[in-house]
Amino acid sequence: MNKHFDLDGAIRKIPNFPKEGILFYDITSILTNPEAFKYCIDWMVDQYRDSGIDAIACIEARGFLFAAPVAEKLGLPIILVRKKGKLPGKTLEKTFSLEYGIDTIQVHEEDVKKGTNFLVVDDLIATGGTVRAAVDLITEAGAKVHEVFCIIGLPFLPYKQLLKGYTVRTLIDYESE
Ligand code: AMP
């Protein structure tokens, strides 16, 4: 694997999206760049192979894209954390604050097996509200969260406090918005 890949160069930055004052870190420019996408997936596979995780929970929608190839390579089940109203079975849900608004996420209750050691994956962690809600859903269902992984971290926002007690790993951090 290419350990010196310029991931920053592969991430498109869009000022004032979706509203004034937000710098949007756009991972679609990783998806259109096979070398960049491979770098991310290979990194995750190396990191989480033999790490003790039994399943990957990923957050709609961009988290799905990074979790799925890793789960397939590691032979692990994928549990989708979706926006309210998308999952057809019996669900558990959590409402939480976002950097720009509020939202409700759900998981299929029977897919979160008690005692399972989860990796939680999303594309980016900002305030940490989304990931925290996913972590709470999983732990309240009786499973454990081994670790959280996001491609991008914004450590100037308070996600570390919100996820105190959990390891949050990121591939690249940005210090401003
Ligand atoms: P948060 O709950 O504040 O950690 O927000 C995380 C979610 O919102 C992730 O699913 C991101 O996709 C999205 N998000 C928040 N802030 C940004 C940003 N500056 N650029 C791109 N995506 C963002």
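Placed above this text is the structure.
Undergrad: Got a sec to walk through the overall build of the protein? Specific residues and values, please.
TA: Along the protein, the regular secondary structure elements total five helices and nine strands. Its helices and strands in sequence order give the protein the pattern β-β-α-α-β-α-β-β-β-β-α-β-α-β, from N to C terminus. Over its C-alpha trace the protein gives a radius of gyration of 16 Å, about what one expects of a compact globule, namely 16 Å for 177 residues. The C-alpha extent of the protein, read off along each of the three principal axes, is 40 × 40 × 30 Å. Here the protein holds 177 residues, and the buried ones make up 46% of them. Total accessible area on the protein is roughly 8700 Å²; 51% of this is exposed by carbon and sulfur atoms. Taken together, the 21 basic and 25 acidic charged side chains of the protein have centroids lying 3 Å from each other.

Undergrad: Can you explain helix α2 (residues 34–48)? Please cite residues and give values.
TA: Given 3.6 residues per turn, any residue in an α-helix points the same way as the ones three and four places further on. In this model α2 runs 21 Å from its N-terminal to its C-terminal C-alpha over 15 residues, within 8% of the 21 Å that 1.5 Å per residue would give. Looking at α2, one finds that the buried residues are Ala36, Tyr39, Cys40, Ile41, Asp42, Met44, Val45 and Tyr48. Positioned one or two residues after α2, Asp50 has a phi angle of 60 degrees, which is positive.

Undergrad: Could you give an account of the packing of α2 against helix α3 (residues 62–74), naming the residues involved and the relevant values?
TA: Interaxial distance between α2 and α3 falls to 9 Å at its minimum, and their mutual angle equals 50 degrees. Judged by the inter-axis angle, α2 sits oblique to α3. Handedness of the crossing formed by α2 with α3: right-handed. Within the contact between the two elements, α2 uses Phe37, Cys40, Ile41, Met44, Val45 and Tyr48 and α3 uses Leu65, Phe66, Pro69, Val70, Lys73 and Leu74. The class makeup of the residues in the contact of α2 with α3 is 11 nonpolar, no polar and one charged.

Criteria and cut-off values
- Positions within a chain are numbered from 1, following the residues in the order the chain's sequence is written.
- With pLDDT at 70 or above as the cut-off, local features in this predicted model cover only qualifying residues; side-chain atom pairs require 80 or more to be listed or tallied, and sums for whole chains, interfaces and linings still use all residues.
- Computation of side-chain values: all heavy atoms of the structure, hydrogens and water removed.
- Going along the chain from the N terminus, every DSSP run of H or I of four or more residues is numbered as a helix, and every run of E of two or more is numbered as a strand.
- For this measure, only C-alpha atoms enter the radius of gyration; the expected value for a globule follows 2.2 Å times N^0.38, where N is the number of residues.
- Throughout this description, buried means an accessible area under 20% of the type-specific maximum (1.4 Å probe, protein chains only), exposed means over 50%, and partly exposed covers the range between.
- To measure how exposed things are, a 1.4 Å probe is used in the Shrake-Rupley method; for residues, cover is taken only from the protein chains shown.
- We count Lys and Arg on the positive side and Asp and Glu on the negative side, and we leave His and both chain ends out.
- Lysine's charge is taken at NZ, arginine's at CZ, aspartate's at CG and glutamate's at CD.
- Here a helix's expected span is defined as the number of its residues, less one, multiplied by 1.5 Å.
- For helices, the fitted axis covers only the stretch in contact; all axes are lines through C-alpha atoms, and the angles between them, taken along N-to-C directions, range from 0 to 180 degrees.
- Comment on the angle field: the value is read as roughly parallel under 35 degrees, roughly antiparallel over 145, roughly perpendicular from 65 to 115, and oblique elsewhere.
- Handedness of a crossing follows from how the near helix is turned relative to the far one, being left-handed for an anticlockwise turn of less than a right angle and right-handed for a clockwise one.
- Pairs of residues are marked as contacts when any of their non-hydrogen atoms sit within 4.5 Å.
- Residues are grouped as follows: nonpolar covers Ala, Val, Leu, Ile, Met, Phe, Trp, Tyr, Cys and Pro; charged covers Asp, Glu, Lys and Arg; every other residue, Gly included, is treated as polar.

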